[in-house]
Structure formats: C-alpha cells, structure tokens
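Secondary and tertiary structure notes
Below are the chains, spelled out letter by letter.
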Amino acid sequence: MGQQKLWKGMLIGAAVGGGLMLLDKDTRSYVGQRGRSAGSTCKGYIKQPSQAIHSLRVNYEYVSKQLNKGVEELLELLSKLEDMLNKVGEINKEVENQLKSVDSKEAS
C-alpha cells in the first residue's frame, strides 16, 4: 500500500514539476524540438526496423565497452590501493619492531 502511494506521489510530482517548467519559453522550445526529433526518429525506425535493431546493437556495444573500460580502471585502481596498503602495513610492522627493540633496550 505504502509503495503504491510512493510511486503515485513521484509520478504526480514529476508531472507537476514538468508542467511548471513548461511555463518557461526556452524550455517549451527545447521540449518541442526534442519531441519532434524523437518523433521523426521513431517514424524512421517504424519504416526501417532493421535500422532500429542496428542502432540498438551499436549503442549496446558502446555502453558495454565503456562499462568494461570503467571496470578495468577500477580494478587497476583497487590493485594500486592494495599495494599501497601492503606497503603501509610493512612500514607499520617495521616501526613496531623498532619500538619494541628500543623499549627492550631501555628496560635493560
């Protein structure tokens, strides 16, 4: 029940916000241009469905490549971070060992 109200509220809010934004002349012009462009693209796809499938495939491949590139960069960054943390851990252990040796010398 609550989820249904949430979605209704979001849709109504989006509609009201979109309607209010159309009071601006530049926004109306932009929406009109984009709407006409989308309409002509849809008409072209209806006339040539193979073009729609080709366009969809090309866009999918582009997004897939970009996503793979981002994941590879993230993995590389995480690898570098892991190396840095290992070095910090080694330095920390060495400092602890030196402190222990200094403490044991002072105690004697």
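Quick note: structure is the one above.
Quick summary incoming for the structure in this document. (Residues numbered from 1 in each chain as written. Predicted model: local features only at pLDDT ≥ 70, side-chain atom pairs only at ≥ 80, totals over all residues. Heavy atoms only, no water.)

**Considering the overall build of the chain**
For the chain, the helix and strand inventory stands at three helices and zero strands. Secondary structure of the chain in N-to-C order comes out as α-α-α. A compact globule built from 108 residues should have a C-alpha radius of gyration of about 13 Å, whereas the chain, at 30 Å, is more than 25% larger. Judged by the C-alpha coordinates and their principal axes, the chain covers about 90 × 40 × 35 Å. Considering the chain as a whole, with its 108 residues, one finds that 1% of them fall into the buried category. (Helix = DSSP H or I, 4+ residues; strand = E, 2+ residues; numbered from the N terminus. Rg over C-alpha atoms; globule rule 2.2 N^0.38 Å. Buried < 20%, exposed > 50% of the residue type's maximum accessible area, 1.4 Å probe, protein only.)

**Things to note about a nonpolar patch on the surface**
A contiguous nonpolar surface patch, about 780 Å² in accessible area, is contributed by Leu67, Val71, Leu74, Leu75, Leu77, Leu78, Leu81 and Leu85. If you trace the backbone, Leu75 turns up in helix α3 (residues 49-107). According to the relative accessible area criterion, Leu75 is exposed, its value standing at 54%. (Patch = residues over 30% accessible without salt bridge, like charges linked within 9 Å, V, L, I, M, F, W, Y side chains within 5 Å. Areas by Shrake-Rupley, 256 points an atom, 1.4 Å probe, with all protein chains shown as cover. Salt bridge = Lys/Arg side-chain N within 4 Å of Asp/Glu carboxyl O.)

**Overview of the pattern of salt bridges**
A side chain with one charge can pair with a side chain of the opposite charge if their charged atoms come near. What the rule picks out here adds up to two salt bridges. With a closest N to O distance of 3.0 Å, Glu61 and Arg57 form a salt bridge. Pair noted here: Glu61 and Arg57 are both in helix α3, with a separation of four residues, about one helical turn. What makes Glu61 partly exposed here is its relative accessible area of 34%. Of the residues examined, Arg57 reaches a relative accessible area of 42% and is grouped as partly exposed. Among the ionic pairs, Lys80 bridges to Glu76, the shortest N-O distance being 3.6 Å. Of this pair, Lys80 and Glu76 are both found in helix α3, four residues apart, which corresponds to roughly one turn of the helix.

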